[in-house]
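Here are the chains, one letter per residue:
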Number of protein chains: 2
Amino acid sequence: MDKFKQFLKSIAPITDDEFEDTITFFTEQNLQKGEFFVKQDKVCRHIAFIVKGTLRTFYINNKSEETTSCFCTENSFTTSYKSFILQEPSNLSIQAIEETELLVIDYDNLQKLYHSSAIWQNIGRIIVEQEYIEMEKYASVLNNENAKEKYLRLLKEQPTVIQKAKVEDIASYLGVTRRTLSRIRQEVSK
Amino acid sequence: MDKFKQFLKSIAPITDDEFEDTITFFTEQNLQKGEFFVKQDKVCRHIAFIVKGTLRTFYINNKSEETTSCFCTENSFTTSYKSFILQEPSNLSIQAIEETELLVIDYDNLQKLYHSSAIWQNIGRIIVEQEYIEMEKYASVLNNENAKEKYLRLLKEQPTVIQKAKVEDIASYLGVTRRTLSRIRQEVSK
DNA sequence: CTCTTAAAAGGACAAATGTCCTCAAATGAT
DNA sequence: ATCATTTGAGGACATTTGTCCTTTTAAGAG
């Protein structure tokens, strides 16, 4: 809860009273390893702040393989943004890969926050802006870096993920097969 | 000008009077083929609605090659979003690849719009949301489709770009070399 | 601890892509 | 129109990655 307050304060000035008002709109949710926060083809009604844990975002590609697009770690928001914004069926699933604690708000309550609180008009846009920047960075990485560079970046930016995720999921995140990830690891360990 | 009004109306209800107020914040700008709208390493102060023409967004990657990340066509916004949002130096350049007409607003005026107009608080967030969705789609395409599929998608979604852009730029957009694009074209033409 | 099952590493060959070219077609200037 | 220069197509070979396996290591159940 305190983590969430710190996170919001880093985005926009928010008083303790405003935070108390805000927090009533959110509910706590815990996920076990393997449980889903969002399921593909269902409309995503919620957005969550990750207090603790790790989630994996993936979809089924046109070759019927699971493709991991993102590992979500603590102190950030997660949702299937497109589905949430447009309130249409999600093309992503989001699954906990370890025990995970969330602070969750649903779509209707977020709209209420936007309309009841001037500060949230701002915070809302700023969060979307930040997510845009993350997505742009992600796209730039996809474009710019080969699988080995992506692996080294993951190792640097989200080292815990390397321990917690399966080889299969890391490989699909890097856009290569298990075989190639195996070769990369061989090189990296010199 | 009328195109811009239609575009805004498709986003949020806006009256003719509100549009008249809005439009005073924008200025017209024309670019010749080869001229830049944004230059890498400079802070991007402007966002533009493309009335007519085509622009290419690119950056210099870590192998000192130009990588094309986007072709921007009419009836959409363009800017170096990260640079514009954070007012920090841009890692992208945006260049007209043919004669192009823009409606431009600078950062300070956009902030004024946000603060002076309730409707623009909304429009602002919605535009960022839409750009996020575009970027997410782009990232999904990068992840999910091979170069041939990307080529066919470009052919379908932005067919004029295939005519107007250089082979080199299309190849870097697809993430392959000229040689591979040549092979793809050979296959596509059966 | 041992057996069973699942997950990761790595060998051998095939397929795809890149590198380095040459040649043909298109474009511009005189 | 002619020549020079730029741009696209494609050949030959090297390198990278994928596919299909087998071997090795790790994890769970009894």
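Position labels on residues start from 1 in each chain and follow its written sequence. Chains carry letters from A onward and ligands carry numbers from 1 onward, assigned in written order. Owing to the predicted nature of the model, reporting of local features is limited to residues with pLDDT of at least 70; listing and counting of side-chain atom pairs is limited to 80 or more, with chain, interface and lining totals taken over all residues. Side-chain numbers come from the whole structure's heavy atoms, not from hydrogens or water.

*Asks:* When you look at a negative patch on the surface in this model, what are you seeing that I'm missing?
*Replies:* Residues enter patches when they are more than 30% accessible in relative terms and free of salt bridges; like-charged ones are connected within 9 Å and nonpolar ones (Val, Leu, Ile, Met, Phe, Trp, Tyr) within 5 Å. In short, Shrake-Rupley with a 1.4 Å probe defines the accessible areas, and a residue's cover is counted only from the protein chains shown. Whenever Lys or Arg places a side-chain nitrogen within 4 Å of a carboxyl oxygen from Asp or Glu, that contact is recorded as a salt bridge. When charges are tallied, Lys and Arg are placed among the positive residues and Asp and Glu among the negative ones, while His and the ends of the chain are skipped. In plain terms, the charge of a residue is placed at NZ if it is Lys, CZ if Arg, CG if Asp and CD if Glu. Where like charges cluster on the molecular surface, the negative patch consists of Asp17(A), Glu18(A), Glu20(A) and Asp21(A). Here a helix means four or more residues in a row that DSSP labels H or I, a strand means two or more in a row labelled E, and each is numbered from the N terminus. By the secondary structure assignment, Asp17(A) is in helix H2 (residues 16-23).

*Asks:* Please explain the protein's contact with DNA strand C as it appears in this structure.
*Replies:* We call a residue near a molecule or strand when any one of its heavy atoms sits within 4 Å of it. Inspection of the region around DNA strand C gives Lys166(A), Val167(A), Arg179(A), Ser182(A), Arg185(A), Gln186(A), Val176(B), Thr177(B), Arg179(B), Thr180(B) and Arg183(B) as its neighbouring residues. When the atoms of DNA strand C within 4 Å of the protein are sorted by group, sugar and phosphate make up 50%. Any pair of nitrogen or oxygen atoms within 3.5 Å is treated as a polar contact; in protein, a donor-acceptor pairing is required on top of that, and neighbouring residues in sequence qualify only through side-chain atoms on both sides. Contact distances for DNA strand C include 3.1 Å between a phosphate oxygen and a side-chain N or O atom of Thr177(B). Going through the elements one at a time, helix H9 (178-188) of chain A together with helix H9 (178-188) of chain B are the ones with two or more residues in the surface near DNA strand C. When residues in the surface near DNA strand C are grouped by element, the largest group, four residues, is from H9(A). Each residue is assigned to one of three groups, with Ala, Val, Leu, Ile, Met, Phe, Trp, Tyr, Cys and Pro labelled nonpolar, Asp, Glu, Lys and Arg labelled charged, and all others, Gly among them, labelled polar. Taken together, the residues of the surface near DNA strand C sort by class into two nonpolar, four polar and five charged.

*Asks:* Help me understand the relation of the copies chain A and chain B, please; the structure alone is not making it clear to me.
*Replies:* In this structure, two copies of a chain are linked by a rotation about an axis accompanied by a shift along it. We place the copies in one frame by least squares, fitting the C-alpha atoms of every residue whose pLDDT is at least 70 in both. Each copy of the sequence occupies a distinct position, and chain A is placed on chain B by a rotation of 180° and an axial shift of 0.0 Å, giving an RMSD of 0.0 Å. Such a combination of rotation and displacement between the chain copies is what one expects of a two-fold axis. The residues that chain A uses at the interface reappear at the interface of chain B in 97% of cases, marking a shared surface. Any pair of residues with heavy atoms lying within 4.5 Å of one another is described as a contacting pair.

*Asks:* So what exactly am I meant to see when it comes to the protein's contact with DNA strand D here?
*Replies:* Taken together, the neighbourhood of DNA strand D is formed by Val176(A), Thr177(A), Arg179(A), Thr180(A), Arg183(A), Lys166(B), Val167(B), Arg179(B), Ser182(B), Arg185(B) and Gln186(B). Each atom of DNA strand D within 4 Å of the protein belongs either to a base or to sugar and phosphate, the latter forming 50%. Val167(B) is positioned with one of its backbone polar atoms (N or O) 2.9 Å from a phosphate oxygen of DNA strand D. Of all the elements in the fold, those that place two or more residues in the surface near DNA strand D are H9 of chain A together with H9 of chain B. Of the residues forming the surface near DNA strand D, the biggest block, four residues, is contributed by H9(B). Residue composition of the surface near DNA strand D, by class: two nonpolar, four polar and five charged.

*Asks:* Can you walk me through the sheet that holds strand S3 (residues 46-52) of chain A in this structure?
*Replies:* Note: strands within a sheet are paired through backbone hydrogen bonds, in either parallel or antiparallel orientation. Residues and elements named next belong to chain A. Strands are treated as partners if at least two bridges between them are detected by DSSP. Taken together, four strands build an open sheet; the order of strands is S1-S8-S3-S6 and the sheet is antiparallel. Looking at strand neighbours, the two that pair on one side only are strand S1 (27-31) and strand S6 (77-78), the edges of this open sheet. Note that S1 and strand S8 (residues 100-106) share five bridges and pair antiparallel. What sits directly across from asparagine 30, in S8, is glutamate 101. The convention used is that axes are lines fitted to C-alpha atoms, helices contributing only their stretch in contact, and that angles between N-to-C directions extend from 0 to 180 degrees. Of the strands in this sheet, S3, S6 and S8 are in contact with helix H1 (residues 2-11), which crosses S3 at around 115°.

*Asks:* Help me out: how do you make sense of the interface of chain A and chain B in this one?
*Replies:* Size of an interface: often given as the accessible area lost when the parts come together. The interface is formed by 32 residues belonging to chain A together with 31 residues belonging to chain B. When chain A packs against chain B, close to 3100 Å² is buried across both sides, 58% of that on carbon and sulfur atoms. Area buried by chain A at its contact with chain B is led by Arg125(A), Tyr132(A) and Asn143(A), which between them contribute 23% of it. Our enumeration of links across chain A and chain B arrives at one salt bridge. Our count for the chain A to chain B interface comes out at zero residue pairs in polar contact (both at pLDDT 80 or more). Elements that contribute at least two residues to the side of chain A that touches chain B include exactly strand S5 (66-73), helix H3 (81-86), helix H4 (107-116) and helix H5 (118-144) of chain A. Here the side of chain A that touches chain B takes 16 residues from H5(A), the largest share from any one element. Once two parts are brought into contact, the accessible area they lose, counted with a 1.4 Å probe and summed over both, makes up the buried area.

*Asks:* What's the story with the pairing of S5(A) in this structure? I'm lost.
*Replies:* Every regular strand shows the same layout, with side chains that alternate between the two sheet faces. All names here are of chain A. Accessibility here uses a 1.4 Å probe with only protein chains present; expressed as a share of the type maximum, an area under 20% marks a residue as buried, one over 50% as exposed, and anything in between as partly exposed. Summarising burial for S5: six of the eight residues are buried, a large majority. Where strand S4 (residues 54-60) meets S5, seven bridges bridge the pair, whose relative direction is antiparallel. Residue pairing for S5: phenylalanine 58 is matched across the bridge by threonine 68. The turn linking S4 back onto S5 is made up of five residues, and serine 64 within it adopts a positive phi angle of 60°.

*Asks:* So what exactly am I meant to see when it comes to the packing of aromatic side chains here?
*Replies:* Given two aromatic rings, one states the distance between the centres and the angle between the planes to describe the pair. Pairing of aromatic side chains requires ring centres within 6.5 Å, counting the rings of Phe and Tyr and the six-membered ring of Trp. Pairs whose planes differ by under 30 degrees are stacked, by over 60 edge-to-face, and all others tilted. A complete count under the given rule lists 22 aromatic pairs over all chains for this structure. Centroid distance Phe4(A) to Phe26(A): 5.0 Å. Interplanar angle 65°. Geometry classified as edge-to-face. Residue Phe4(A) is located in helix H1, and its partner Phe26(A) is located in the loop between H2 and S1; the two are separated by 22 residues in the primary sequence. Members of the aromatic cluster, joined through ring pairs, are Phe4(A), Phe7(A), Phe19(A), Phe26(A), Phe49(A) and Phe77(A). Lysine NZ or arginine CZ positioned within 6 Å of the ring centre and within 35 degrees of the ring normal marks a charge as sitting over the ring. Lying across the ring of Phe36(B), Lys39(B) places its NZ or CZ 5.0 Å from the centre. If you follow Arg56(B) out to its NZ or CZ, it ends over the ring of Phe58(B), 4.0 Å from the centre.

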